[in-house]
Amino acid sequence: MIVKPRIRGFICTTAHPTGCKANVDEQIAYTRDQGEISEGEFKNVLVLGCSGGYGLACRIVSAFGCGANTLGVSFEKLPTESKTATAGWYNNAAFEDAAEAAGLYAKTIDGDAFADEMRERVIDTIKADLGKIDLVVYSLASPVRQHPRTGELHRSSIKPLGDALNIKSVHVDRGEVIEVDLEPATPEETANTVAVMGGEDWEFWMDALLEADVLAQGCKTVAFTYIGTELTWPIYWDGTLGQAKIDLDRASGEIGRKLEALGGDSRVAVLKAIVSQASSAIPVVPLYVALLFKVMKEQGIHEDVIAHIHRMFATQLKGGSELRLDDAGRIRMDDIELSDPVQEEVKRRWPQVATENLDELGDLTGFREDFLKIFGFGLDGVDYEADVDPTLGRLS
Ligand code: NAD
């Protein structure tokens, strides 16, 4: 079939098999070009949320920058003869092929990472194939979580706390700067968001892995957060998502204490804003990202997902790194995004930006390109008129 992008709100319901592979290959090529980060330090890496965004980049840098065997977990929709799979399914396939060709173990388990059965499957696989894990990357981003112990289905809400909020945003499809009204979250909505995006599930994972004795001496674990500035605080850090991320900080402290016996370490890393499936759904963020990208590109300091994660491994996760920590013990990777020259310019443009000058002050084109790229569209060298098999011949 010939695959075209079909965009519905914040997601694209189609994904291009060859384009997704090209996207993964580009990230692998970038990583290889940078040379080896560390040999033998991360032998076996578990990536929860491995199929897109930051998790995929971590898996690529682990394998092609550190020579690691990787076990990944993600939640995908399988293809049929007439329907494409989720982009993550193609990304996983492309990653596994490339890793195997490089002589690296790579296995992906598709299913619900919030479920206890998934933890059992992962532990069985580690025992059978890998022995012990040196690094656990927790990079899940989901709107729902079925609690494994209570069975309750929690849905997250992206809302402010306290007062209703009227705030600038952008309608990405129409390219219009708009104002959005957001009602404050109820205590129940806040609690549900913490249940989905907070730290409990990360703790469940680390407890299960510790109990099964599948973590190596000195094992590290990292999960990701975003803090941003006063432009995004009303909807992010001061809202329901911020409450969930505060809970992630709490969980990191707990996990860190439990890892002490192994000489291990647990960190939350504060990453920069990027275009991902998860971040595109947050009001305000696309407008902020459009301005941020324009300013960072103008200043010659723009980092894409793979460059950002490569820098995290090379300067912060690698043994012996001088950690750039904040008062809460988080790794700060958002130093360039939050640097004065960048933020002063973004804040100067924020009150001025309107539909008419959006292209001049912001990089909505870059935002849209990155968004389509997530689904395998717009990559150089891909023939988008060619007939492709959405199943990659793997389902027969
Ligand atoms: P993403 O949407 O690109 O990827 C999420 C991953 O989680 C995918 O692999 C998906 O398959 C997997 N997943 C979701 N639900 C699952 C489930 N039930 N079981 C198994 N796998 C599941 O997300 P992202 O933007 O890379 O976000 C990852 C983390 O980074 C999040 O904690 C996010 O808050 C954080 N972060 C993101 C940004 C940003 O700008 N995107 C910035 C800073 C921090």
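Residues numbered from 1 in each chain as written. Predicted model: local features only at pLDDT ≥ 70, side-chain atom pairs only at ≥ 80, totals over all residues. Heavy atoms only, no water.

Draft legend 1. A look at the side chain of Ser 51. Looking at the element boundaries, Ser 51 is found in the loop between strand E3 (44–48) and helix H2 (53–66). For Ser 51, a relative accessible area of 13% gives the class buried. A distance of 2.7 Å separates polar atoms of two side chains, one belonging to Ser 51 and the other to Glu 76. (Helix = DSSP H or I, 4+ residues; strand = E, 2+ residues; numbered from the N terminus. Buried < 20%, exposed > 50% of the residue type's maximum accessible area, 1.4 Å probe, protein only. Polar contact = N/O pair within 3.5 Å; in protein donor to acceptor, adjacent residues only side chain to side chain.)

Draft legend 2. Main features of the site of the ligand. Close to the ligand lie 31 residues; Ser 51, Tyr 54, Ala 113, Lys 245 and Ser 276 are nearest. In this structure, Ile 274 approaches the ligand through a main-chain N or O atom, which is 2.8 Å from an oxygen atom. A distance of 3.5 Å separates an oxygen atom of the ligand from a polar backbone atom of Ala 278. Coverage of the ligand by the protein chains reaches 90% of its 840 Å² of free accessible surface. (Near = heavy atom within 4 Å. Areas by Shrake-Rupley, 256 points an atom, 1.4 Å probe, with all protein chains shown as cover.)

Draft legend 3. View of the pattern of salt bridges. The tally for this structure, following the rule as stated, stands at 30 salt bridges. Note that Asp 247 and Arg 250 form a salt bridge whose closest N and O atoms lie 2.7 Å from each other. Note that Asp 247 and Arg 250 are positioned in helix H7 (residues 240–259) at a spacing of three residues, about one turn of the helix. The closest approach of N and O atoms between Arg 324 and Asp 335, which form a salt bridge, is 3.5 Å. Linking Arg 324 in the loop between helix H10 (305–317) and strand E13 (331–332) with Asp 335 in the loop between E13 and helix H11 (340–349), this pair joins segments that are 11 residues apart in sequence. Given the relative accessible area of 29%, Arg 324 is considered partly exposed. (Salt bridge = Lys/Arg side-chain N within 4 Å of Asp/Glu carboxyl O.)

Draft legend 4. Examining the packing of aromatic side chains more closely. On inspection of all chains with the given rule, the structure shows eight aromatic pairs. Each ring, one from Phe 42 and one from Phe 313, has its centre 6.1 Å from the other, and the planes form 85°; the classification is edge-to-face. Of this pair, Phe 42 sits in the loop between helix H1 (17–33) and E3 while Phe 313 sits in helix H10, and the two are 271 residues apart along the sequence. When its relative accessible area of 3% is taken as the criterion, Phe 42 is described as buried. What makes Phe 313 buried here is its relative accessible area of 0%. Positioned above the aromatic ring of Phe 204, the side-chain terminus of Arg 149 is 3.9 Å from the ring centre. (Phe/Tyr/Trp six-rings, centres within 6.5 Å; stacked < 30°, edge-to-face > 60°. Lys NZ or Arg CZ within 6 Å of the ring centre and 35° of its normal.)

Draft legend 5. Spatial organisation of the environment of Cys 50. Here Cys 50 lies in the loop between E3 and H2. Here Cys 50 falls in the buried class, since its relative accessible area comes to 0%. Along the backbone, Cys 50 and Thr 86 are 36 residues apart, and their C-alpha atoms lie at a distance of 13 Å. Sequence-distant contacts of Cys 50, defined by excluding residues within four places in its chain, comprise Gly 55, Leu 56, Arg 59, Gly 72, Val 73, Ser 74, Asn 92 and Thr 108. (Contact = heavy atoms within 4.5 Å.)

Draft legend 6. Up close: the packing of H2 against H10. Axis separation between H2 and H10 bottoms out at 9 Å; the angle between their running directions is 55°. When the axis of H2 is compared with that of H10, the two are oblique. Handedness of the crossing formed by H2 with H10: right-handed. Here Gly 53, Tyr 54, Ala 57, Cys 58, Ile 60, Val 61, Ser 62 and Cys 66 of H2 lie close against H10, whose contacting residues are Val 305, Ile 306, His 308, Ile 309, His 310, Met 312 and Phe 313. Here the contact of H2 with H10 is composed, by residue class, of 11 nonpolar, four polar and no charged. (Axes fitted to C-alpha atoms, helices over the stretch in contact; angles between N-to-C directions. Parallel < 35°, antiparallel > 145°, perpendicular 65-115°, else oblique. Left-handed = near helix turned anticlockwise from the far one by under 90°. Nonpolar A, V, L, I, M, F, W, Y, C, P; charged D, E, K, R; others polar.)

Draft legend 7. Fine view of the packing of H1 against H10. Closest axis-to-axis distance for the H1/H10 pair is 10 Å, and the angle between their directions is 40°. Relative to H10, the element H1 is oriented oblique. The way H1 lies across H10 gives a crossing that is right-handed. Residues Gln 27, Tyr 30 and Thr 31 of H1 pack against Ile 306, Ala 307 and His 310 of H10. Here the contact of H1 with H10 is composed, by residue class, of three nonpolar, three polar and no charged.

Draft legend 8. Geometry of unusual backbone geometry. A positive phi angle is found at Asp 213, which is not glycine, with a value near 60°. Along the polypeptide, Asp 213 turns up in the loop between helix H6 (200–211) and strand E11 (215–225). The backbone of Val 284 sits at a positive phi, close to 80°, despite the residue not being glycine. As for its placement among the helices and strands, Val 284 is situated in the loop between helix H8 (277–280) and helix H9 (285–298). Looking at Val 284, the relative accessible area reads 0%, which means it is buried.

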